[in-house]
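Overview (structure and organization)
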Amino acid sequence: MKYLLLQRKSNAGGIILKKILLLVILMIFSLTIAQAQPLSKKEEMNLGGPVKSVIEIDGFRKNEYDFSEKGLLVKKHTEFDFKTHRSRQNLLYDGKERMVKSKIIVILPNGEETETGITSESEISYDDKNKIYQVWQIKKNEKSGFISGTLTNEGKKLREDYLLLKNDFQEYRYNSSSQLIKQAKFDKNGVPKSKTEFKYDVNGRLEEVQSYSWIENQNKWQLRAEGKNKYDNLGRALHTIRKDYLEKDTLIDEVEFEYTEFDSYGNWTKRVDKSFYHHKVYGRIVKASPRTITREITYYEE
């Protein structure tokens, strides 16, 4: 598992929406490529057998995944249903499970999608021969670049430059197994801004994540958040804990996973997540209501 993270009536509101949307696109793009390889998405989801599709329902969110007969993720569709708005995301992937197309639609409370909602579309092109890639934003059938980057020999991100975000850039580092172990963000002058480091267990599953912010006036890194995951002998997540180090407090979020139903291939179809929230300073523990996640899985004929 991965490390376990508008309303408008005026021109000003529209600008805010566009900025939020751009950040969402960047986040999705970064997380898509920066996954804990060499595990495939199918392995990451702990799926066995000739899986064709998965529909996963988690409260206000529904994820739909389509896999090729080779077991590679080719498409993902997500729907969110919040109190203030709804949204849909469609993502397409290439033969290396790299995102090649994304479309995000935000639906406002009145139900409109075109005039008052925002539709964002982007395409990513990869040139593995020359080890470069480009992210294009599409508006009214016109393409404009807003991320350019370089690739490793394995086709993973090495560096990306954000053309629309004051020329900030981000660099990525991998271990000998081609797993992401570090990503760091810098401003246009090369001054550090933030970094995240990743550690894996012997089976290649994400075990620990630590996020830091650069404190320029002290010339040092400061730990902002960290998370740890535990798995059973089948690779299923059993427990995750995240600590957010706030200015005057530490917020601790713990989740325990219980698998209760399985299909004929042994893939889980129902899971119960039990969450606990702790405040280190105030000593307060809040136990959230258990959340149930269900999966409907279809298979290719063998």
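This is a predicted model, so every value here is computed, not measured.

What follows concerns the overall build of the protein chain. The secondary structure content of the protein chain amounts to 2 helices and 19 strands. By residue count, 44% of the 302 residues in the protein chain fall in the buried class. For the protein chain, the accessible surface area stands at approximately 17,300 Å², while carbon and sulfur atoms represent 49% of it.

Attention now goes to unusual backbone geometry. A positive phi angle, close to 60°, is found at Lys131, a residue other than glycine. Along the polypeptide, Lys131 turns up in the loop between strand E6 (118–127) and strand E7 (132–139). Since its relative accessible area comes to 36%, Lys131 is described here as partly exposed. The phi dihedral of Ser178 is positive, around 65°, even though this residue is not glycine. Mapped onto the elements, Ser178 comes out in the loop between strand E10 (169–174) and strand E11 (180–186).

To continue, consider the packing of aromatic side chains. One pass over the structure, following the stated rule, counts 6 aromatic pairs. Ring geometry for Phe169 against Phe186: centres 5.1 Å apart, planes inclined by 15°, an arrangement best described as stacked. Within this pair, whereas Phe169 is found in strand E10, its partner Phe186 is found in strand E11, the two being separated by 17 residues in sequence. The pair Phe169 / Phe186 is uniform in exposure class, with both members buried. In this structure, Arg98 packs its charged tip against the face of Tyr126, placed 4.0 Å from the ring centre.

This paragraph deals with the side chain of Gln134. On the secondary structure map, Gln134 appears in strand E7. At 3.2 Å, the side chain of Gln134 forms a polar contact with the backbone oxygen of Ile147. Excluding residues that lie within four positions of it along the chain, Gln134 makes contacts with Glu123, Ile124, Ser125, Gly145, Phe146, Ile147, Ser148 and Leu163.

A few words now on the confidence of the model for the protein chain. Chain-level pLDDT for the protein chain is 84 on average; 83% of the residues reach the 70-or-more range. Per-element averaging of pLDDT across the protein chain places helix H1 (residues 11–33) at the bottom with 46 and strand E19 (residues 291–299) at the top with 97. A low-confidence stretch, residues 1–17 (pLDDT under 50), is modelled with 36 contacts involving residues beyond four sequence positions or located in other chains. Note on residues 19–37: pLDDT under 50 across the span, and 55 contacts to partners over four residues away in sequence or across chains.

Here we come to the pairing of strand E8 (residues 142–151). As a general feature of sheets, a regular strand has side chains that alternate between the two faces. Pairing of E7 with E8, which is carried by 8 bridges, proceeds in the antiparallel orientation. Paired with Trp136 across the bridge in E8 is Gly145. From the end of E7 to the start of E8, which pair antiparallel, there are 2 residues, and Lys140 there has a positive phi angle of about 50°. Sheet analysis places E8 next to strand E9 (residues 157–162), joined by 5 bridges and oriented antiparallel. The partner of Gly149 across the bridge, within E9, is Glu160.

A few words now on the pairing of strand E17 (residues 268–279). Alignment of strand E16 (residues 250–262) against E17, held across 11 bridges, turns out to be antiparallel. Across the sheet, Glu254 pairs through a bridge with Phe276, a residue of E17. Two successive antiparallel strands, E16 and E17, enclose a turn made up of 5 residues, where Gly266 displays a positive phi of approximately 85°. Bridge count for E17 against E19 is 4 bridges, and the pairing is antiparallel. Its bridge partner being in E19, Asp273 is matched across the sheet by Arg291.

Turning to the environment of Ala288, a few remarks are in order. Within the secondary structure, Ala288 is located in the loop between strand E18 (284–287) and E19. Look past the residues within four positions of Ala288 in its chain and what remains in contact with it is Ser275 and Tyr277.

The next subject is the environment of Leu92. Along the chain, Leu92 turns up in strand E4 (residues 86–93). By relative accessible area, which is 36% here, Leu92 ends up partly exposed. Spatially, the C-alpha atoms of Leu92 and Lys75 are 4.6 Å apart, while their sequence positions differ by 17 residues. Excluding residues that lie within four positions of it along the chain, Leu92 makes contacts with Val74, Lys75, Arg98, Met99, Val100 and Lys101.

Rules used in this analysis
- Sequence order sets the numbering: in each chain, residues are counted from 1 along the sequence as written.
- For this predicted model, a pLDDT threshold of at least 70 governs which residues receive local features, and a threshold of 80 or more governs which side-chain atom pairs are given and counted, while totals over whole chains, interfaces and linings are taken from all residues.
- Computation of side-chain values: all heavy atoms of the structure, hydrogens and water removed.
- Strands are runs of DSSP state E lasting at least 2 residues, helices are runs of H or I lasting at least 4, and numbering of each runs from the N terminus.
- Summary of the burial criterion: residues with accessible area below 20% of their type's maximum are buried, those above 50% are exposed, and those between are partly exposed, where the area comes from a 1.4 Å probe applied to protein chains only.
- Here the Shrake-Rupley method, with its probe set to 1.4 Å, supplies the accessible areas, and only the displayed protein chains count as covering residues.
- Pairing of aromatic rings covers Phe, Tyr and Trp, the last counted by its six-membered ring, and requires centre-to-centre distances within 6.5 Å; plane angles under 30 degrees mean stacked, over 60 mean edge-to-face, and any other angle means tilted.
- In our convention, an over-ring charge means Lys NZ or Arg CZ found within 6 Å of a ring centre and within 35 degrees of that ring's normal.
- We call two N or O atoms a polar contact when they sit within 3.5 Å, provided that within protein one can donate a hydrogen and the other can accept it, with sequence-adjacent residues counted only if both atoms are side-chain atoms.
- Note on contacts: a residue pair qualifies if any of its non-hydrogen atoms lie within 4.5 Å across the two residues.
- The pLDDT value tells you how sure the predictor is about a given residue, anywhere from 0 up to 100.
- Here, a strand pair is defined by DSSP locating no fewer than two bridges between the strands.

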